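# Overview (structure and organization)
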Amino acid sequence: MTPVIETSGLTKQYGEVRAVSDLTLTVKPGEVFGFLGPNGAGKSTTIDMLLDYVRPTAGTVRVFGLDPRADIKEIHARMGVLPDGVALYDRLTGRHHLEFAIGVKGADDTVEDLLDRVSLDRVAATRRVGSYSRGMRQRLALAMALVGSPDLLVLDEPQNGLDPHGMREMRDIICAEADRGATVFFSSHILSEVEAVADRVGIMNRGVLVAVDSIDSLRTDLEGGVIVDLVVEGAVDEDALAAIDYVTIGVVGQSLTVECSQDVQKSALIADIEATGVTVTDVGTRRASLEDLFTAFTTDVDSTDQSTVGAGVPESETDETQEVTA
Ligand SMILES: Nc1ncnc2c1ncn2[C@@H]1O[C@H](COP(=O)(O)OP(=O)(O)OP(=O)(O)O)[C@@H](O)[C@H]1O
């Protein structure tokens, strides 16, 4: 089956900054794929290359097996996009936006149905968008992305501007779209939201894809995915703790976070930790959350790397972006 998204060696260089470096990634039909990474990791740049808003420096990208540089109209016809920093027309009403989107796609959706799907008030839809809150703008933009029941939804930070209620609705919409067979590729900082809906996640760090798998498999990669939280009394000797080589220990004040495999015996672990000169006063065990995985995969890197996040990119380099209108 042709992958919905396929990149190979995909790279984008802005002057000194490598925004995306040698990205090879495949997203299969029907998958909900969460694209994660800290600020400046290269998520939006990757999405922009899928949409041909930005041209790669090297490598290839295919969407539905097509090249965005040559076939962007065909790709857009089968895709719904919620871009980062949505551009809406303040003077037009929500209803006008949806009518426009339905017209462009030649779709048979009704405005009312779209409004209901994103829980945007029908009366509010008659108001100009200039008066909308951030959350309302986000809901409207999502409704526009849903027009025509696209085969692929690309959502850049869809939870932006949404309150917890809106986030839950966004989760439901993503699940409903997946249930009808759509592929969903979305970026997010809200890890719990990603954990709730994604079949697989890709974690970007400084332009590099540092992990890609299901959340459960990533847990297994992370030494079995058990976290032991400890509170200790006494002087914490970080070097001595680092020398306990069968676990990874994070230290914040008197709290230790220990990543370890399931077969590590807690009593032996505590004995080894107390041998460094502290007394353990509290112990808790939990499974690694996506938050733990995210921290483990994105806390590492040599800060002199060429792809360093936000490495003072001069303004003049921003014109390397090749804007392309679809
Ligand atoms: N047009 C541009 N000109 C120069 N540098 C850019 C441009 N666009 C992005 N960059 C740089 O590329 C890197 C990746 O940025 P990108 O916006 O893709 O990250 P992101 O993961 O989407 O971040 P965020 O989560 O903050 O939106 C950053 O260092 C950014 O400063």
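Computed from a prediction, not measured in an experiment: that's the story for all the values here. Positions within a chain are numbered from 1, following the residues in the order the chain's sequence is written. At least 70 in pLDDT is required for a residue's local features to be given in this predicted model, at least 80 for side-chain atom pairs to be given and counted, and no such filter applies to totals for whole chains, interfaces and linings, which use all residues.

### Here's the deal with the overall build of the protein chain
- In DSSP terms, a helix is any run of H or I states spanning at least four residues, a strand is any run of E spanning at least two, and both are numbered starting from the N terminus. Secondary structure summary: the protein chain contains eleven helices and 13 strands in total.
- With C-beta atoms placed from the backbone, a residue is buried if 20 or more other C-beta atoms are within 10 Å of its own, exposed if 12 or fewer are, and partly exposed between those counts. The buried share of the protein chain, taken over its 326 residues, is 38%.
- Here, residues touch in the contact sense if the C-beta positions derived from the backbone fall within 7 Å of one another. In the protein chain, of all internal contacts separated by at least 6 residues, the share reaching a separation of at least 24 is 73%.

### A short note on the sheet that holds strand β1 (residues 5-14)
- Pairing within the open sheet is antiparallel, and its three strands lie in the order β2-β1-β4. In the strand order of this sheet, the two ends are held by β2 (17-27) and β4 (58-63), each with one partner. Between one strand axis and the next, the sheet turns through 20° on average, direction left out of account.
- Strands were regarded as paired on the criterion that DSSP finds at least two bridges between them. As defined by bridge partners, β1 adjoins β4 across five bridges and the pair is classed as antiparallel. Its bridge partner being in β4, S8 is matched across the sheet by T60. Between N-to-C directions, angles cover 0 to 180 degrees, with each direction set by a line fitted to C-alpha atoms, over the stretch in contact for helices.

### Remarks on helix α3 (residues 94-105)
- With twelve residues, α3 extends 17 Å between its outermost C-alpha atoms, agreeing within 8% with the 16 Å of an ideal straight helix rising 1.5 Å per residue.
- In this structure, the buried side of α3 is in contact with α4 (111-117) and α5 (134-146).
- Two residues or fewer past α3, G106 is found with a positive phi of approximately 60°. Residue count minus one, scaled by 1.5 Å, sets the expected span of a helix.

### What about the nonpolar core?
- Definition of nonpolar core: a set of buried Ala, Val, Leu, Ile, Met, Phe, Trp, Tyr and Cys residues joined via C-beta atoms within 7 Å. Core analysis: the biggest nonpolar cluster contains 80 residues, and A143, A145, V154, V184 and F185 have the highest contact counts within it.
- The dominant element in this core, judged by the number of residues it contributes, is α5, at eight residues.
- Marked domain ranges trace back to an automatic or database domain assignment. Two domains share this core, each providing at least three of its residues, namely domain 1 (5-214) and domain 2 (223-287).

### Brief notes about unusual backbone geometry
- Backbone geometry at D22 places phi at a positive 55°, although glycine is not the residue there.
- Taking the C-beta count within 10 Å as the criterion, D22 has 15 such neighbours and is therefore assigned partly exposed.
- Here the phi dihedral of R206 falls at roughly 50°; this positive angle occurs in a residue that is not glycine.
- Within the secondary structure, R206 is located in the loop between β8 (200-205) and β9 (208-213).

### Some remarks on the pairing of strand β13 (residues 279-287)
- Counting buried residues in β13 gives zero out of nine residues, a small share hidden from the surface.
- Judged from the eight bridges that link them, strand β10 (residues 226-233) and β13 form a sheet pairing that is antiparallel. Residue V231 lies in a different strand from β13, and its bridge partner there is D282.

### Some details on the domain arrangement of the protein chain
- By the assigned domains, the protein chain splits into domain 1 (5-214) and domain 2 (223-287).
- Here the C-alpha centre of domain 2 lies 40 Å away from the C-alpha centre of domain 1.

### Side note on the environment of T183
- Positionally, T183 belongs in strand β7 (residues 183-188).
- Every residue in contact with T183, bar those within four places of it in the chain, is listed here: V4, V27, P29, G30, E31, D151 and L152.

### Focus on the packing of α3 against α5
- Relative orientation of the contacting elements α3 and α5 amounts to 20°, with a least axis distance of 9 Å. One finds that α3 runs roughly parallel with respect to α5. Considering how the two elements wind past one another, α3 and α5 form a crossing that is right-handed. From α3, G94, H97, L98 and A101 reach across to α5, where they touch L140, A143 and M144.
- Residue polarity is assigned by list, with Asp, Glu, Lys and Arg as charged and Ala, Val, Leu, Ile, Met, Phe, Trp, Tyr, Cys and Pro as nonpolar; anything else, Gly included, falls into the polar class. Class assignment of the residues belonging to the contact of α3 with α5 gives a composition of five nonpolar, two polar and no charged. To sort the angles, those under 35 degrees are grouped as roughly parallel, those over 145 as roughly antiparallel, those from 65 to 115 as roughly perpendicular, and the leftovers as oblique. Note on convention: the crossing is left-handed when the near helix lies turned anticlockwise from the far helix by less than a right angle, right-handed when the turn is clockwise.

### Looking at the sheet that holds β9
- Within the open sheet, the six strands sit side by side as β5-β6-β7-β3-β8-β9. Their pairing is mixed. Where the open sheet ends on each side, the last strands, each with one partner, are β5 (79-82) and β9. This sheet shows a mean twist of 15° between the axes of neighbouring strands, independent of strand direction.
- Across five bridges, strand β6 (residues 152-156) lies against β7 in parallel orientation.

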